[in-house]
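Chain by chain, the residues:
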Amino acid sequence: QVQLVESGGGLAQAGVSLRLSCAASGRSFSSYRMGWFRQAPGKEREFVAAITWNSLRTYYAESVKGRFAISRDDAKNTVYLQMNSLKPEDTARYYCAASPGGGDYTQAKTYTYWGQGTQVAVSA
């Protein structure tokens, strides 16, 4: 069992940066693939970024590639999402998720554990 708690969201102006954090508790955090998803009002939840259990590979949605960066600190049981050059279309609730591995990393159904999310609002 893994519990996930996101933080770091808020209101930001376009062009600035925010860093989201996801603190995990429970066993075997370091063995999980971690991902960030987001959901805007009236839209489906979409993949943002993922990082393998050993940090060797990271993956990004095309819409955030080059602006966002995912990382993890297993000593702190925390995964981060550094968001730079924010745009109004980045406005959404951001969710952290943990997957024991396998399957399409862009698909929410492959992630077993989810946090409650943190809201990000970007104004023009």
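Chemist: Requested: an account of the pattern of salt bridges, with residues and values cited.
Modeler: Tallied over the full model, the rule gives five salt bridges. The partner of Arg38 in a salt bridge is Asp90, with the nearest N and O atoms 3.0 Å apart. Separated by 52 residues along the polypeptide, Arg38 in strand S4 (residues 33-39) and Asp90 in the loop between strand S8 (78-83) and strand S9 (92-99) bring together distant segments of the chain. For the pair shown, Arg38 and Asp90 are each scored as buried. The salt bridge involving Arg67 is made with Asp90; its shortest N-O contact spans 2.8 Å. A residue pair is termed long-range when its members are at least 10 positions apart, and Arg67 in the loop between strand S6 (58-60) and strand S7 (68-73) and Asp90 in the loop between S8 and S9 qualify at 23 residues. Taken together, the shared-partner salt bridges connect Arg38, Glu46, Arg67 and Asp90 into one network.

Chemist: Kindly report on the sheet that holds strand S1 (residues 2-7), identifying the contributing residues and their values.
Modeler: Strands belonging to one sheet form pairs held by backbone hydrogen bonds; the direction of such a pair is parallel or antiparallel. Ordered in space as S1-S3-S8-S7, the four strands form an open sheet in which the pairing is antiparallel. In this open sheet, the two edge strands, each paired with only one partner strand, are S1 and S7. Averaged over neighbouring strand pairs, the angle between their axes works out to 15 degrees when direction is ignored. In terms of strand pairing, strand S3 (residues 18-26) meets S8 through six bridges, oriented antiparallel. Pairing of Cys22 across the sheet is with Val79, part of S8.

Chemist: I'd love a proper account of the environment of Gln82, names of residues and values included.
Modeler: Its location among the elements puts Gln82 in strand S8. Sequence spacing of Gln82 and Gly26 is 56 residues, and the spatial spacing of their C-alpha atoms is 24 Å. Gln82 has contacts with Ser17, Leu18, Arg19, Arg67, Phe68 and Ala69, leaving out every residue within four places of it along the chain. At 2.9 Å, the side chain of Gln82 forms a polar contact with the side chain of Asn84.

Chemist: Kindly report on the packing of aromatic side chains, identifying the contributing residues and their values.
Modeler: On inspection of all chains with the given rule, the structure shows seven aromatic pairs. With 5.1 Å between their ring centres and 80 degrees between their planes, Phe37 and Tyr111 make a pair best called edge-to-face. Taken together, the residues Phe37 in strand S4 and Tyr111 in the loop between S9 and strand S10 (113-114) connect sequence positions 74 residues apart. Residue class for Tyr111 comes out buried when judged on its relative accessible area of 4%. Ring geometry for Tyr59 against Tyr105: centres 3.9 Å apart, planes inclined by 25 degrees, an arrangement best described as stacked.

Rules used throughout
- Residues numbered from 1 in each chain as written.
- Predicted model: local features only at pLDDT ≥ 70, side-chain atom pairs only at ≥ 80, totals over all residues.
- Heavy atoms only, no water.
- Salt bridge = Lys/Arg side-chain N within 4 Å of Asp/Glu carboxyl O.
- Helix = DSSP H or I, 4+ residues; strand = E, 2+ residues; numbered from the N terminus.
- Buried < 20%, exposed > 50% of the residue type's maximum accessible area, 1.4 Å probe, protein only.
- Pairing = 2+ DSSP bridges.
- Axes fitted to C-alpha atoms, helices over the stretch in contact; angles between N-to-C directions.
- Contact = heavy atoms within 4.5 Å.
- Polar contact = N/O pair within 3.5 Å; in protein donor to acceptor, adjacent residues only side chain to side chain.
- Phe/Tyr/Trp six-rings, centres within 6.5 Å; stacked < 30°, edge-to-face > 60°.

Everything listed is a geometric property; what it means functionally is a separate question.
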